[in-house]
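# Structural description and commentary
Here is how the chains run, residue by residue.
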Amino acid sequence: MFKEEQVEQAIIEQLQTLGYEHIYGPEIERDYKEVILKEIFLNSLFKINPDITKDIANEVYRKIRTFTNIGLVQANYEFYHMLYAGVEIPIEGDKTYTAKLIDRNNIEKNTFHVINQYTIKEYKEKRPDVIVFINGIPLVVFELKNALKENTTIENAYNQIKNYQQDIRTLFYYNAFNVISDGVNARIGTITADFSRYMIWKSKNGEKPEENIEQVDVLIEGVFKKERIIDIITNFIMFQNKEGKDIKILAGYHQYFAVKKSITSTEKALKENTKKAGVIWHTQGSGKSFAMVFYAGLLLKNKNLNNPTIVVLTDRSDLDNQLYTTFSTCSKEILPQKCKQADSRNELKEYLKVNAGGIIFTTIQKFEEGQGSLSNRENIIFIADEAHRSQYGTEKKLDRKTGKFKIGYAKKMRDALPNATFIGFTGTPIEMADKSTRLLFGDYIDIYDMTQAVLDNATVPIYYENRVAKLKLDERVLREIDEEYHYISCNDEATEEVIEQSKTDLAKLETVIGSKQRLEMLANDIVEHYEQRQDILNGKAMIVCMNRKIAINLYKEILSVRPNWQEEIKLVLTDNNNDPQEWHKLVGNKQYRDNLAIEFKDVNSKLKIVIVVDMWLTGFDVPDLTTMYIDKPMKGHNLMQAIARVNRVYKDKEAGLIVDYIGIGADLKIALSEYTNRDKDKIPDITAAYAIVREKLEIMRDMFYGFDYSSFFGYSNQTRLQTLTKGINYI
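Please read these numbers as outputs of a predicted model, since none were measured by experiment. (Residues numbered from 1 in each chain as written. Predicted model: local features only at pLDDT ≥ 70, side-chain atom pairs only at ≥ 80, totals over all residues. Heavy atoms only, no water.)

## Description of the overall build of the protein
Filter applied, for reference: Runs of E in the DSSP output that reach at least two residues are strands. Runs of H or I that reach at least four are helices, and both are numbered from the N terminus. Working definition: with a 1.4 Å probe on protein chains only, accessible area under 20% of the residue-type maximum means buried, over 50% means exposed, and in between means partly exposed. In what follows, a contact means two residues having at least one pair of non-hydrogen atoms within 4.5 Å. The protein chains shown are the only cover counted for residues, whose accessible areas, like all others here, come from Shrake-Rupley with a 1.4 Å probe.
Check the secondary structure of the protein and you find 25 helices and 27 strands. Within the protein, the fraction of its 731 residues that count as buried is 53%. Restricting to contacts in the protein with at least 6 residues of sequence separation, those with at least 24 account for 72%. Accessible surface, the protein as shown: approximately 34,800 Å² in total, 49% of it carbon and sulfur.

Put into structure tokens, the structure is as follows:
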């Protein structure tokens, strides 16, 4: 029988093949209250810092052991900063000596040890299975279990790590990340990660994951090569304050390898002067924004790139703010330079006058505010978020709000930054027919599709349910909605007559969708469906409406059905100076919406349902959002970005659900046709499944005809068990 000790030895042996020296913990003479190996640490300091004195070295040792009256995460961050930037020690006068704890450039100067059964005494006495030390510092803790033990799972290993963080807390001041394994399964995560965020590392060197990998082998080969682990620890870990809580984020394998490929591609683009680094397609919800942060951080540190200025572009101001917040709240070790937002084209031009460095955020609209060049510099890296044809194309597109044509932004951006290198990040694929995006950015650098994200538990699967029929509209009305929407969506190249007809058709469509009779039926069905789901799955919901008027009227109808939902449901809409007076209280201002965002993200808040039109459909993460009710025609990447709101991982959430009241099924299939082959059937329609379940249920009811099983649905477990036994005997 394969025992836990054998799992331990197998991991030690594999680390030894990577050049780690093994020491058996009980053989080390040491104070069990000390977690750092002092002698190895000091020897490493002298090796890495040849000019360090003995007094300074001892002071460095004292400093990295001194953390007073602070929490675990704060202490962990303070040490992480010292590991990254070095330890500053005052010497004569105003001078300081900076001692490096790790040598990132000369890997052979560092010492690597794997130690098992290393006893530590603190609040309690504990002995973690395996610890990886670099330069005498305990940076990685392995907790192992035996997969053959019936009542032991990998989650038990996770729980033990969390207990260690309480019982031998000092060990985790220095912790970069942890590994939990049962010999078959293996996952990696940080001190702040919950179990669902301990991820499998599925690639050794950036190759696509195979279906049945040896998880322990791939994790150790993929993470613990000496150069790799130092790269990960110093460049792919960041701290972020999220809604008042400090979290520590470790890049997943897909982010790590995509960023490394992107840096290589960027260097090649600069060397060959192609000005196109390529496109990263990482499916919505899989951490694309964090990949952008890690990429930007490496750009700024890369000596081959001449300290570039980074311009980050989004297509809307709310996305600009969200991405800016993601960048500006991450730890300075990853992004040592402050981020700026350019509120106008002139301000963007002013920011670009520097010779090097800086991170500038702006929106695509700034490129429409004027003509000509903003900067001729070559050391500008232009990062576009959501690189799509609609934003960056060259063809004419009809703006239905103004009735005017717009030319794609590709030429405008290239004219404004003629020598910049462009790279695109997207959560949805580039359309097959889209030549403009490739012309501007280049080809794919890396793809992390929907299927892989679900397999990796980076996202949850999404299911589709068609409830158009529940509104009991006659076929004529349904056909009218389909025809009008199809006409509007397909006529981008239009004459003035078509534009006027389009406006009329749009108004007609809104009248049909927003009729009182239909909204009454819609409100009743949403309430019924939501309450049934709450019986099984306690999560939040989002309702997407076609326009603000329809959204407000639906809100009123829902409250007429459930008057006690005043705190449970809110509108999230933009405000307008020309709004009717009665709308002002319902819509509020920007501060009101910001407060609603905080409230909706709070898992303990009373707010459970929001009604939106355009807001919160991209770049807005609420992990416990489980259901989206769609009553707005959408297509393409706009549709895919919207439905991805329900694919975030959260505790025991198994899937997200899209409920269709407008008939987006065909558009969903068309949108999925642009995805990888294995993605095309990954949003299954469960509507047919309901019919099958109902059919089977009727068969079962016939089988139990004459038997009273109603008491099974009561509250007494004893009665339920008795009913179950009687039912078995009846059959």
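## Describing the sheet that holds strand β8 (residues 137-144)
Keep this limit in mind: When DSSP finds two or more bridges between two strands, those strands count as paired. In this analysis an axis means a line fitted to C-alpha atoms, helices contributing only their contacting stretch, and an angle means the value between N-to-C directions, from 0 to 180 degrees.
Taking strand neighbours across the sheet as the criterion, the six strands line up as β1-β4-β7-β8-β9-β10 in an open arrangement whose pairing is mixed. Edge strands, defined here as strands with exactly one partner in the open sheet, are β1 (21-24) and β10 (186-189). Between one strand axis and the next, the sheet turns by 20° as a mean value, whatever way the strands run.

## Overview of the packing of aromatic side chains
Within a pair of aromatic rings, the relevant descriptors are the distance that separates the centres and the angle that separates the planes. Selection criterion: Classification of ring pairs rests on two measures: the distance between centres of Phe, Tyr or Trp rings, Trp counted by its six-membered ring, which must be within 6.5 Å, and the angle between planes, read as stacked under 30 degrees, edge-to-face over 60 and tilted in between. Counted as over-ring charges are cases with an Arg CZ or a Lys NZ within 6 Å of the ring centre that also lie within 35 degrees of the ring normal.
Throughout the structure, instances matching the rule amount to 34 aromatic pairs. Consider the rings of tyrosine 77 and phenylalanine 239, whose centres lie 5.1 Å apart with planes at 75°: the pair is edge-to-face. Of this pair, tyrosine 77 sits in helix α4 (residues 72-85) while phenylalanine 239 is found in strand β11 (residues 237-242), placing the two residues 162 residues apart along the sequence. The class of phenylalanine 239 is buried, set by a relative accessible area of 7%. Here the aromatic rings of tyrosine 253 and tyrosine 448 are separated by 6.2 Å at their centres, their planes lie at 80°, and the arrangement is edge-to-face. Of this pair, tyrosine 253 sits in helix α8 (residues 253-272) while tyrosine 448 is found in strand β21 (residues 444-448), placing the two residues 195 residues apart along the sequence. With respect to class, tyrosine 253 is no different from tyrosine 448; both count as buried. Members of the aromatic cluster, joined through ring pairs, are Trp201, Phe236, Tyr256, Phe257 and Phe294. Seen from the ring of tyrosine 118, arginine 30 lies directly overhead, with NZ or CZ sitting 3.7 Å from the centre. Its end group placed over the ring of tyrosine 84, arginine 104 keeps NZ or CZ at 4.6 Å from the ring centre.

## Focus: the environment of leucine 440
Considering the arrangement of structural elements, one finds leucine 440 in helix α14 (residues 435-441). Residue leucine 440 is classed as buried on the basis of its relative accessible area, which comes to 4%.

## Section: the pattern of salt bridges
As a reminder, the rule being used: Salt-bridge detection follows one rule: a side-chain nitrogen of Lys or Arg within 4 Å of a carboxyl oxygen of Asp or Glu.
In this structure the tally under the stated criterion is 29 salt bridges. Here arginine 467 and glutamate 465 are joined by a salt bridge, their closest N and O atoms 2.8 Å apart. For glutamate 531, the salt bridge is made with arginine 562, and the minimal N-O distance between the two is 2.8 Å. Pair noted here: glutamate 531 is in helix α18 (residues 516-536) and arginine 562 is in the loop between α19 (548-561) and β24 (569-572), with a separation of 31 residues, a long-range link.

## Focus: the nonpolar core
Within soluble globular proteins, side chains that are nonpolar tend to cluster in buried spots. Put simply, the test is: Residues enter a nonpolar core if they are buried and are Ala, Val, Leu, Ile, Met, Phe, Trp, Tyr or Cys, with the set joined through side-chain atoms within 4.5 Å.
Leu101, Phe177, Phe224 and Phe327 are the most contacted members of the largest nonpolar core, which totals 126 residues. Here the element with the most residues in this core is helix α9 (residues 288-301); it accounts for nine residues. In contact with phenylalanine 327, not counting residues within four places along its chain, are Ser289, Met292, Val293, Ala296, Val312, Leu335, Cys339, Ile359 and Phe361. Within the second largest apolar cluster, 70 residues are counted, among which are Ile558, Leu573, Ala597 and Leu617.

## Some thoughts on the confidence of the model for the protein
Under the convention used in this document: Scored between 0 and 100, pLDDT is the confidence that the predictor attaches to each residue.
Confidence along the protein averages 87 in pLDDT terms, with 89% of residues attaining 70 or more. Below pLDDT 50 for its whole length, residues 491-496 participates in 10 contacts with residues either more than four positions away or in separate chains.

## As for helix α22 (residues 636-643)
Along α22, six of the eight residues are buried, which leaves the element largely enclosed by surrounding structure. Where α22 is concerned, the buried positions are His637, Leu639, Met640, Gln641, Ala642 and Ile643.

## Some thoughts on the sheet that holds β24
As summarised here, the arrangement of the six strands in space is β22-β27-β26-β23-β25-β24, forming an open sheet in which the pairing is parallel. Every interior strand has two partners, whereas the edge strands, β22 (462-466) and β24, have only one. Averaged over all adjacent pairs, the angle separating strand axes in this sheet is 20°, with direction ignored. Together, β23 (540-545), β24 and β25 (609-612) form the strand contacts of α19, whose direction differs from that of β24 by roughly 175°. Relative to β24, helix α21 (residues 590-601) is tilted by about 135°, and along the sheet it contacts β23, β24, β25 and β26 (625-631).

## Some details on the pairing of strand β7 (residues 130-134)
Among the five residues in β7, five count as buried, and that is most of the element. Of the two faces of β7, the one holding Val130, Val132 and Ile134 and the one holding Ile131 and Phe133 are both buried throughout. Both strand β4 (residues 112-116) and β7 contribute to a ladder of five bridges, which runs antiparallel. Bridge assignment links asparagine 116 to a residue of β7, and that residue is valine 130. Sheet analysis places β7 next to β8, joined by five bridges and oriented antiparallel. Each residue of the ladder has a partner; that of isoleucine 131, found in β8, is valine 141. Counting the residues that bridge the hairpin from β7 to β8 gives two residues, and of these asparagine 135 lies at a positive phi of roughly 60°.

## Section: a nonpolar patch on the surface
Heads up, the condition is: Nonpolar side chains (Val, Leu, Ile, Met, Phe, Trp, Tyr) are joined into patches within 5 Å and like charges within 9 Å, using only residues with over 30% relative accessible area and no salt bridge.
Taken together, the side chains of Ile699, Met700, Met703, Tyr730 and Ile731 define a hydrophobic patch exposed on the protein surface, amounting to about 500 Å² of accessible area. In terms of residues, the nonpolar patch owes the most to one element, helix α24 (residues 687-703), which gives three residues. A relative accessible area of 45% means that methionine 703 is categorised as partly exposed.

## What about α21?
Here is the rule we go by: Take the number of residues in a helix, subtract one, and multiply by 1.5 Å to get its expected span. By construction, the arc corresponds to the directions joining the helix axis to the C-beta atoms.
For α21, built from 12 residues, the straight-helix expectation of 16 Å at 1.5 Å per residue is met to within 8% by its first-to-last C-alpha distance of 17 Å. The complete set of buried residues in α21 reads Arg593, Leu596, Ala597 and Phe600. Looking straight down α21, one finds that the buried residues subtend no more than 105° of arc, so they occupy a single side. In the core, the buried residues of α21 are packed alongside β23, β24, α20 (581-587), β25 and β26.

## Some points on the packing of helix α2 (residues 38-48) against helix α3 (residues 54-64)
This is how it is decided: If an angle is under 35 degrees, it is roughly parallel; if it is over 145, roughly antiparallel; if it lies from 65 to 115, roughly perpendicular; otherwise it is oblique. Crossing chirality is assigned from the near helix's rotation relative to the far helix, an anticlockwise turn below a right angle marking it left-handed and a clockwise turn marking it right-handed. Under the scheme applied, nonpolar residues are Ala, Val, Leu, Ile, Met, Phe, Trp, Tyr, Cys and Pro; charged residues are Asp, Glu, Lys and Arg; polar residues are all the others, including Gly.
Between α2 and α3, the least distance of the axes is 10 Å, while the angle of their chain directions is 125°. Looking at the two axes, α2 sits oblique to α3. The way α2 lies across α3 gives a crossing that is right-handed. Here Lys38, Phe41, Leu42, Leu45 and Phe46 of α2 come into contact with α3, specifically with Lys54, Ala57, Asn58, Val60, Tyr61 and Ile64. Here the contact of α2 with α3 is composed, by residue class, of eight nonpolar, one polar and two charged.

## Considering the side chain of threonine 459
Relative to the helices and strands, threonine 459 resides in the loop between α15 (450-455) and β22. In this structure threonine 459 comes out as buried when scored by relative accessible area, which is 3%. Among all residues touching threonine 459, those that are not within four sequence positions of it are Gln284, Gly285, Ser286, Ala453, Val454, Asn647 and Val649.

## Focus on the packing of helix α7 (residues 226-235) against α8
At a closest axis distance of 12 Å, the pairing of α7 and α8 adopts a crossing angle of 95°. Overall, the two elements α7 and α8 adopt an arrangement that is roughly perpendicular. Packed against α7, whose contacting residues are Arg228, Asp231 and Ile232, the element α8 presents Tyr256, Phe257 and Lys260 at the interface.

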